[in-house]
Amino acid sequence: HLVWVPYCSGDVYSGQRLGASEETYGLHFNGHHIIKAVIQDLKARHGLQAASQVLLSGESAGGLGVWLNLDAVADALPDADVFGVPQSGFFTASAPY
């Protein structure tokens, strides 16, 4: 089975804010909660809890989301072997040129 989740969080699926604030300039950053909700929905509606192997992949911002959420996905699916294959999702801090 294949599930495609379009990039929609604006925070590389890493945010854990439950609401906008002045600190976030009125923006919502809750991408980690999106991943958790997708996993919960797939378990409830499509039997994901019965999976023996799960591959999480993404590119660019979605690739970084793989790095940041792989452990949480594995924790949510304790009976599955969970693998991550980020595609170009590692960004290093560097000075702009």
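Residues numbered from 1 in each chain as written. Predicted model: local features only at pLDDT ≥ 70, side-chain atom pairs only at ≥ 80, totals over all residues. Heavy atoms only, no water.

Asks: Give a detailed account of the environment of Gly-89, specifying residues and quantitative values.
Replies: The residue Gly-89 is located in the segment after strand S2 (81-87) in this model. Taking relative accessible area as the criterion, Gly-89 reaches 3% and is therefore assigned buried. Between the alpha carbons of Gly-89 and Ser-57 there is a distance of 9.8 Å; along the sequence they are 32 residues apart. Those residues within four positions of Gly-89 in sequence are excluded, and the remaining contacts are Ser-60, Gly-63, Leu-64 and Trp-67. (Helix = DSSP H or I, 4+ residues; strand = E, 2+ residues; numbered from the N terminus. Buried < 20%, exposed > 50% of the residue type's maximum accessible area, 1.4 Å probe, protein only. Contact = heavy atoms within 4.5 Å.)

Asks: Can you lay out the pattern of salt bridges for me, pointing to particular residues and giving the numbers?
Replies: Evaluated as defined, the whole model comprises two salt bridges. Of the charged contacts, one joins Arg-17 and Glu-23 as a salt bridge, the two residues approaching to 3.0 Å between their closest N and O atoms. A salt bridge links Asp-41 to Arg-45, with the nearest nitrogen and oxygen atoms 3.4 Å apart. Residue Asp-41 and its partner Arg-45 are located together in helix H1 (residues 31-46), separated by four residues, close to a single helical turn. By relative accessible area, which is 32% here, Asp-41 ends up partly exposed. (Salt bridge = Lys/Arg side-chain N within 4 Å of Asp/Glu carboxyl O.)

Asks: Provide a residue-level description of the packing of H1 against helix H2 (residues 61-76), including the pertinent values.
Replies: For the pair H1 and H2, interaxial distance at closest approach is 11 Å and the crossing angle is 25°. Considering the angle they form, H1 stands roughly parallel to H2. With respect to the hand of their crossing, H1 and H2 are arranged in right-handed fashion. Of H2, the residues touching H1 (which contributes His-32, Ile-35, Ile-39 and Lys-43) are Asn-69, Ala-72, Val-73 and Ala-76. Partitioning the contact of H1 with H2 into residue classes produces five nonpolar, two polar and one charged. (Axes fitted to C-alpha atoms, helices over the stretch in contact; angles between N-to-C directions. Parallel < 35°, antiparallel > 145°, perpendicular 65-115°, else oblique. Left-handed = near helix turned anticlockwise from the far one by under 90°. Nonpolar A, V, L, I, M, F, W, Y, C, P; charged D, E, K, R; others polar.)

Asks: Break down unusual backbone geometry for me, citing the residues and quoting the values.
Replies: Not every positive phi belongs to a glycine, and Val-12 is a case in point at roughly 50°. Positionally, Val-12 belongs in the segment before H1. On the accessibility criterion, Val-12 (18% relative accessible area) is buried. The residue Ser-60 is not glycine, and still its phi comes out positive at about 55°. By the element assignment, Ser-60 lies in the loop between strand S1 (53-59) and H2.

Asks: Tell me what's going on with the pairing of S2, and back it up with residues and numbers.
Replies: As defined by bridge partners, S1 adjoins S2 across seven bridges and the pair is classed as parallel. Counted as the bridge partner of Glu-59 is Gln-87 from S2. With respect to chirality, the unit in which S1 leads through H2 into the neighbouring parallel S2 is right-handed. (Pairing = 2+ DSSP bridges. Right-handed = clockwise from strand over helix to strand, strands pointing away.)

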